Structure formats: structure tokens, C-alpha cells
Amino acid sequence: MEKVLFFDIDLDKLNGTLDSWGEPNFRAKQVWQGIYKKLKATPEEIQNIPKPLRTKLLEEFSFSYLKPEITLSSKDGETTKTLFRLPDNQSIETVLMSYTRRQTLCISTQSGCAMGCVFCATGQMGFRRNLSSGEIIEQVLFFARQIMVEGESLTNVVLMGMGEPFHNYDATMEAIDRLNHPDGLNLSARRFTISTVGLVPMIKRFTKEKRQINLAVSLHAIDDDLRSTMIPLNKKYPVEQLLNCCRDYVKTTRRRITFEWALINDVNDSIEQANKLGRRLRLFILDGAPLCHVNVIPLNPTQGYGGKATTRERAIAFKSELERLSIPCSIRIRRGIDIKAGCGQLADFVENK
Ligand code: SAH
Ligand code: SF4
């Protein structure tokens, strides 16, 4: 039997456990701070707790489920990707991007993905399983420890690795809550960005919960016919339904929403499409949701999809058309392509060769 992963429990549960072991009530916080704040990798390194307790914690809990198997760094040295093996032999990937003094970590919420977007390597590999909250957390702690050695700390965490975070909603939110904890890593909700393919009921739930987490929605097309060929989920939650619930999100939370658009040559990168998107987002704004933004990114290559990235010129023209319609747009720089660490390129190494 696998031991319980320490990161799968919250501070209350730890309190209860240590209480049942006859420990004084300040101990749980000491242990918690040792692991989550001082970033110790095991209880053996927590100096201010008694030795027998360190041993007992090691007997009862696992302090690591993730085994780093392969780590690759891009030529420019700014992007590092690690493939972790899970106890049941599944795998996930996590990407650290270090540039302009920001340390952005891109984490996975599932092994594989059930959504099957045709242009995405994770979608192409299919669904393996949900990660537990602890497995999501451990990716963050692993890299937080690693960069601490270099005197750095994480500035942002994006849930844009493998998987659809809103298809594993509870574990994702529990993980973020635990990473927010003031006695722990204390990484505030505003530093997190969730990207969703557009699971409408979960966007509605997220809206009601009024969290401070940033939200990005992968739109990629404004016509249902085209979007459905790229994103099978569009048949269930078509564009208008999705945009209306995004509008309600902005109206209710007063937070900005980001729409993501991977520019694919001759598929969704024309001026006409930019114009259609821009006009629709003007309506979005007029409808009481003034805070929206478009992120375009030239498509990253994946093995199972023949589409090609747009050219730099067409990306600029797409952005200019949106801006002409007063819709803010940024062109995201592709990073880590040489190590297949770019958006949508994460998959099992073996299958990704
Ligand atoms: N499942 C979530 C988050 C993970 S994917 C989602 O789909 O939003 C993170 C982002 O990468 C999404 O915007 C997704 O549409 C985008 N993406 C997927 N494949 C891509 C590719 N080949 N090139 C560029 N972006 C891609
Ligand atoms: Fe899943 Fe997102 Fe990839 Fe679609 S783009 S298959 S939702 S990870």
C-alpha cells in the first residue's frame, strides 16, 4: 500500500493526526511550516521537532510521489521541463520558465486529457487519470525548492500543463488553497492562472466562488463549425453559451478574462477572423464585461496534427485588427519549443518522440 501523500492533507487534518499521536498542539504548525514554508524535502530536515516524531511522520506519510525521470533545458536556458513518474507509472510534465526576473511554473492537473483538442499533444495522448491535490502541490514544491537554492522564489503558477483543470475541479482548488496558506508557501491566489477549454458549468461554479485566481479561456475560433473541428467539447458547449458565461464571470467578479487563440496558418489566422472576434468582443464589452484581453500564440508543432504555425507578419496583422477594434491583444512568445515544453506540447516522452 502506498503511504498517504503528505500534500494530500490540509493543516486541520494534520492537527488531528498529531493530536491522536499525543503531540502538543503547536507541533502540526511546526511540521507544516517546515515543509511548506522552509521548503524542507523531508521531516528529517525539520530541526525544531523531536526525532521520534520525524521518524513517525516518515513511517506514516510519503513526502514524495513524483520521481523526476527526465529534465530538459532549452538552448536559451530559460525553460526547463521535467517529466515526473507517478507511483502507478503514469507520467506528467511540469515546465519552469525563468525570464525577466520572473519565475513562472506551468503545472499539470491531470495525466493526459479527456478533451481531445486536435492540435494539443496532451489531447492526442488521451486521458490517463486525475491528479490528487497533493500531486498538483508537489510539482510546485519541487520547483520552489530547486530555485530557492539559487536565491529565487516562484512569482507565478499557471495551470496550463497537462490536463483540463476544470475537469479535476476539487483537487485543483484544494491544491491552490493549500499553496495559499499563510503558514506555508503563502502564494496568493492572484499569482495563479487557470486555463480552461470552456467547461461551462465549472466556469459558472468558479464565478460563484469569487476566487482571486486569474482565468483564461481557450477560444481559438469564434465560429462553431470551425471551433468544433478543433475542440470536440464545443459541440456540448458552443461559442455563444461559453461567451455568455464568460461575460457573467467578468460582470460578477469584476476581474479580467483572457481569451487564448493559437494561430494556425490558414485555419484561424485571417484578418476576417480577427475582425469577427473583435466585433464579438466589442459586444461582450457593451454587455457589461469591459475587462477582456486576447492572447495569441503561433501554434506549437505536435506530432498528431498537421496544422502549421502562422507567420510573424500574420500574427501582427491579427493583433492590429483586434486593436483597431479596441480589443487589447498580446502576442505570446513561444518558449521551450526545442524541448517540446511549449503550450500543448506536453505528453508522455515515449509517445512524443
Ligand atoms: N486544458 C486547458 C489548459 C492546458 S492547455 C486548456 O485547454 O485551456 C494550455 C493552453 O495551450 C491552452 O490555451 C491550449 O489551447 C493551448 N494549446 C494547446 N495546444 C497548443 C499548441 N499546439 N500550440 C499552442 N497552444 C496550444
Ligand atoms: Fe486538454 Fe487543454 Fe490540450 Fe484541450 S488544449 S486537450 S483541454 S490540455
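The structure we're discussing is the one just above.
Residues numbered from 1 in each chain as written. Chains lettered and ligands numbered in written order. Predicted model: local features only at pLDDT ≥ 70, side-chain atom pairs only at ≥ 80, totals over all residues. Heavy atoms only, no water.

Further remarks concern the environment of K37. Mapped onto the fold, K37 is located in helix α2 (residues 27–37). When the C-alpha atoms of K37 and L185 are compared, they prove to be 5.1 Å apart, with 148 residues separating the residues in sequence. Contact partners of K37, with chain neighbours within four places excluded, come to W32, P182, D183 and G184. (Helix = DSSP H or I, 4+ residues; strand = E, 2+ residues; numbered from the N terminus. Contact = heavy atoms within 4.5 Å.)

To continue, consider the side chain of N275. Take N275: it is sitting in helix α10 (residues 271–286). Under the relative-accessibility criterion, N275 is labelled buried at 18%. At 2.7 Å, the side chain of N275 forms a polar contact with the side chain of R279. When sequence neighbours within four positions are dropped, the list of residues in contact with N275 reads E321, R324 and L325. (Buried < 20%, exposed > 50% of the residue type's maximum accessible area, 1.4 Å probe, protein only. Polar contact = N/O pair within 3.5 Å; in protein donor to acceptor, adjacent residues only side chain to side chain.)

Now for the site of ligand 2. In the region of ligand 2, the neighbouring residues are C113, M115, G116, C117, C120, G123, G163, E164 and V197. When the residues that make up the shell around ligand 2 are grouped by side-chain class, the tally is five nonpolar, three polar and one charged. (Near = heavy atom within 4 Å. Nonpolar A, V, L, I, M, F, W, Y, C, P; charged D, E, K, R; others polar.)

This part covers the sheet that holds strand β14 (residues 329–331). Strand order in this open sheet of ten strands is β3-β4-β5-β6-β9-β10-β11-β12-β13-β14, and the pairing throughout is mixed. With partners counted over all chains shown, the strands left at the sheet margins are β3 (67–73) and β14, one partner each. The sheet shows a mean angle of 20 degrees between the axes of neighbouring strands, taken without regard to direction. Note that strand β13 (residues 292–298) and β14 share three bridges and pair parallel. (Pairing = 2+ DSSP bridges. Axes fitted to C-alpha atoms, helices over the stretch in contact; angles between N-to-C directions.)

On to the packing of helix α6 (residues 169–180) against helix α7 (residues 200–209). Relative orientation and spacing of two packed helices are given, respectively, by the angle between their axes and the distance between those axes. Two elements in contact, α6 and α7, have axes whose closest approach is 12 Å; the angle formed by their N-to-C orientations is 30 degrees. The pairing of α6 with α7 is recorded here as roughly parallel in orientation. Viewed along their axes, α6 and α7 form a crossing whose handedness is right-handed. Residue-level inspection shows Y169, D170 and M173 of α6 in contact with α7, the latter providing M202, R205, F206 and E209. (Parallel < 35°, antiparallel > 145°, perpendicular 65-115°, else oblique. Left-handed = near helix turned anticlockwise from the far one by under 90°.)

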